[in-house]
Amino acid sequence: MIYIQNLQLGYSIKKWTIKLFFFLLPLFIFLVTIELILRNIPNDYSYKRKYLDENAEKIEVLFLGNSHVSYDINPAFIQLRSFKASHGSQTIDYDYMLIEKYSTRFKNLKYLVIPIDYFTLFTRFSDGWEENRIKNYNIYYGMHQGFKISYYFEILNNKFSANISRIIRFYTNSISHKYCKNLGNSFNDNYPIQKEMIDNGSFRAFVQHSINNKKFPQA
Amino acid sequence: MLFNSINFLIFLPIVFFLYWFIVQKNLKGQNILLLVASYFFYACWDWRFLFLLIFSTLLDYFTGLKMSQAENQKVKKFWFWLSIIVNLGFLGTFKYYNFFAASFATAISNIGFHVNPWTINVILPVGISFYTFHGLSYVIDIYNDRIKAEKNFIDYSVFVSFFPLLVAGPIERATHLLPQIQQKREFNYSKAVNGLRQILWGFFKKVVIADQCAEYANMIFNNQAGHSGLSLLMGALFFTFQIYCDFSGYSDIALGTAKLFGIDLLRNFAFPYFSRDIAEFWRRWHISLSSWFRDYLYIPLGGSKGGTWKKIRNTFIIFIVSGFWHGANWTFIAWGTLNAIYFLPLLLTNNNRNNLEIVAKGRKLPTFKESISMLSTFALTVLAWVFFRSDNFTNALLFLKNLLTGLFIKKSYISSIVFFNKHIGFSIVFFLLLFMLIEWIGREQQFAIEKIGLKWKRPVRLLFYYAIILTIIWFSGKEQQFIYFQF
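Residues numbered from 1 in each chain as written. Chains lettered and ligands numbered in written order. Predicted model: local features only at pLDDT ≥ 70, side-chain atom pairs only at ≥ 80, totals over all residues.

**Observations concerning the domain arrangement of chain A**
Residue and element names in this part refer to chain A.
- You can read the domains of chain A as domain 1 (1-40) and domain 2 (42-215).
- Opposite the six residues of domain 1 that make contact, domain 2 presents seven residues.
- Looking at the side of domain 1 that touches domain 2 residue by residue, the class counts come to four nonpolar, no polar and two charged. (Domains from an automatic or database assignment. Contact = placed C-beta atoms within 7 Å. Nonpolar A, V, L, I, M, F, W, Y, C, P; charged D, E, K, R; others polar.)

The following block contains the structure:
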């Protein structure tokens, strides 16, 4: 009798699990597809990774650091072959990881430019609002730091509606997430944005780069 | 670990699999697994506070045993008060110490003395208010000979720490949950399906309604000086839906998850915004807390027996303590007091138990009188939520003043309409109306979609569930904290 009860119990749970599995399977396939499509959209990280993979040996001046470096200096005016592997808010630990990753391949590297800001020595991505950038290094550079599932998926770092908008923008209007030029420098010729940066940029930078800045949700 | 996190979506199936496929024949194994899973769940938030949880569990377990073994009332009383004092001591230290220190400093500065209060810089352990109340109910029940002390430490620990209810309730009773933990659980197909449905509805409430409303409510409450009366009203309404969907969504996920493990938890919400008076609202809102205060505070104080003044005193005590339970801020005390003021006329005129059944039971629509009663009760709760949401008492009063005076300035309507079009839009209005419609249709059930679609053809029913899931996915993104985690 006990055996029969267990048999029924086993049948019930198995039936339930199989039904749930097939119910969820289309959703799982759908989400994986969206993740793959998102990863296929060109962005600064995938571009710079590819550039470094192909040209690490030729680089003579390498710029690292955050957006301050990305926007400030144009490598085209430097006589030595230069490249900017800087990214928005990139912290010094990621600068180090980038150097480490390509250290054996920088055969001609003469200068390494690393910015020092007031926040450089204590800010980390995981401390604040920029945490969602960690996934870019995991996915596109293959550099791993810390373990959190969201660090490994595009889909988990943005509102899903925003992700769909990104896909639509790219596949209908070819608007990608690659904002840098060929040598890795960023550009911004949008006057209203520049004006806004002058007006509010310092405060926003303080919030973005301050440790535990999640404590300033109203900023 | 948040319910609405990817970690939980991985954690839950693993525990479920181990529970039903590996240790399903062994009750002890099931309980040990639940305990380990619950401690892991809690430690994901901050492992250091796990020791506090274990200490609290040990304290109540041993004081419970000591009380049941006590040879005389004096010894029993000693262990009882030891447990009460230590439990409330921890709660008071972590949750209320800074508030009292700062309030004391402010009070004596008013009479000319200036002191710098010594405050402690410590984060509030998540769920402390909930598991402390679990433990207190257990100890009080033993002291009053309602239950016997639990001898099995694992069973007792699961009662305190069962992960679906650990961080934000429902606040369980030993009489309800412990017997279920001691009994062999067998997989129940329809209960598991029902549980999944409840989890789904909980996620819909949290992700689609609460998180969207939170965005707009924050926008308005965080910059209230820049908004007109109509916009402030919108902010208050958004928060009203946010707090309901956030907390009842959490409760639905907790109850649904527990069902997957064959355990029924206490119901926490019963469509409170369809209440016809404040007494009914409080029978339908955060039921496990309201009934806790009723059983362990209100009734011991004399309840509604005795003279008029005693009734008034007890009503104010229970509502103020309930408000203070939510947090160490005068705004919560004001919120509790306001609810006491709402409730008192009903109590004094013996009209507090007029509406025991859900509104329009067995009918599709409410009567005109019922509609007016529901709307006026809803308006009173919206007003009270302003205190709950505001950072401080002054801001709350200013918010209400600007809201009430601003509604009569017709010119300001234009700025509100512009604000609505620019920052909010009709999407949230559509989802709120849809949500309220589904809640209305399912109001006679335990949760709104419990019975919806059960008689539909299978493909249509599946489409309905897929539509809910896709809507949740559409609005999902970065994990948002649940409001009640901070209490």
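Right, picking up where we left off after that structure.
**Regarding the sheet that holds strand β1 (residues 61-63) of chain A**
Residue and element names in this part refer to chain A.
- Read across the open sheet, the three strands follow the order β2-β1-β3; overall the sheet is parallel. Of all the strands in the sheet, the pair left with one neighbour each is β2 (82-84) and β3 (111-113). Taking each pair of neighbouring strands and ignoring which way they run, the sheet shows an average axis angle of 15°.
- Bridge count for β1 against β2 is three bridges, and the pairing is parallel. By the bridge assignment, V61 is partnered in β2 with S82. (Pairing = 2+ DSSP bridges. Helix = DSSP H or I, 4+ residues; strand = E, 2+ residues; numbered from the N terminus. Axes fitted to C-alpha atoms, helices over the stretch in contact; angles between N-to-C directions.)

**Quick word on the domain arrangement of chain B**
Residues and elements named next belong to chain B.
- Domain assignment breaks chain B into domain 1 (6-186) and domain 2 (191-276 + 355-486).
- Distance between the C-alpha centres of domain 1 and domain 2: 29 Å.
- Elements with a contribution of two residues or more to the side of domain 1 that touches domain 2: α1 (6-22), α7 (163-166) and α8 (174-182).
- Here the side of domain 1 that touches domain 2 takes three residues from α1, the largest share from any one element.
- Residues belonging to the side of domain 1 that touches domain 2 are distributed by class as follows: 11 nonpolar, three polar and three charged.

**Remarks on helix α15 (residues 368-389) of chain B**
Residue and element names in this part refer to chain B.
- Here α15 contains 22 residues, and its C-alpha end-to-end distance of 31 Å stays within 8% of the 32 Å for a straight helix at 1.5 Å per residue.
- Buried within α15 are the following residues: S373, T377, T381, A384, W385, V386, F387, F388 and R389.
- Those residues of α15 that are buried are in contact with α9 (189-221), α10 (229-260), α11 (278-284), α14 (330-348) and α16 (393-406). (Expected span 1.5 Å × (residues − 1). Buried ≥ 20, exposed ≤ 12 C-beta atoms within 10 Å, placed from the backbone.)

**As for the packing of helix α3 (residues 50-69) of chain B against helix α5 (residues 128-143) of chain B**
All names here are of chain B.
- It is the contact of α3 with α5, at a shortest axis distance of 9 Å, that shows an interaxial angle of 5°. In terms of their interaxial angle, α3 and α5 are classed as roughly parallel. Taking contact as the criterion, the partners of L53, S56, D60, T63, G64, M67 and S68 in α3 are, on α5, Y131, T132, G135, Y138, V139, I142 and Y143.
- Residues of the contact of α3 with α5, tallied by class, amount to seven nonpolar, six polar and one charged. (Parallel < 35°, antiparallel > 145°, perpendicular 65-115°, else oblique.)

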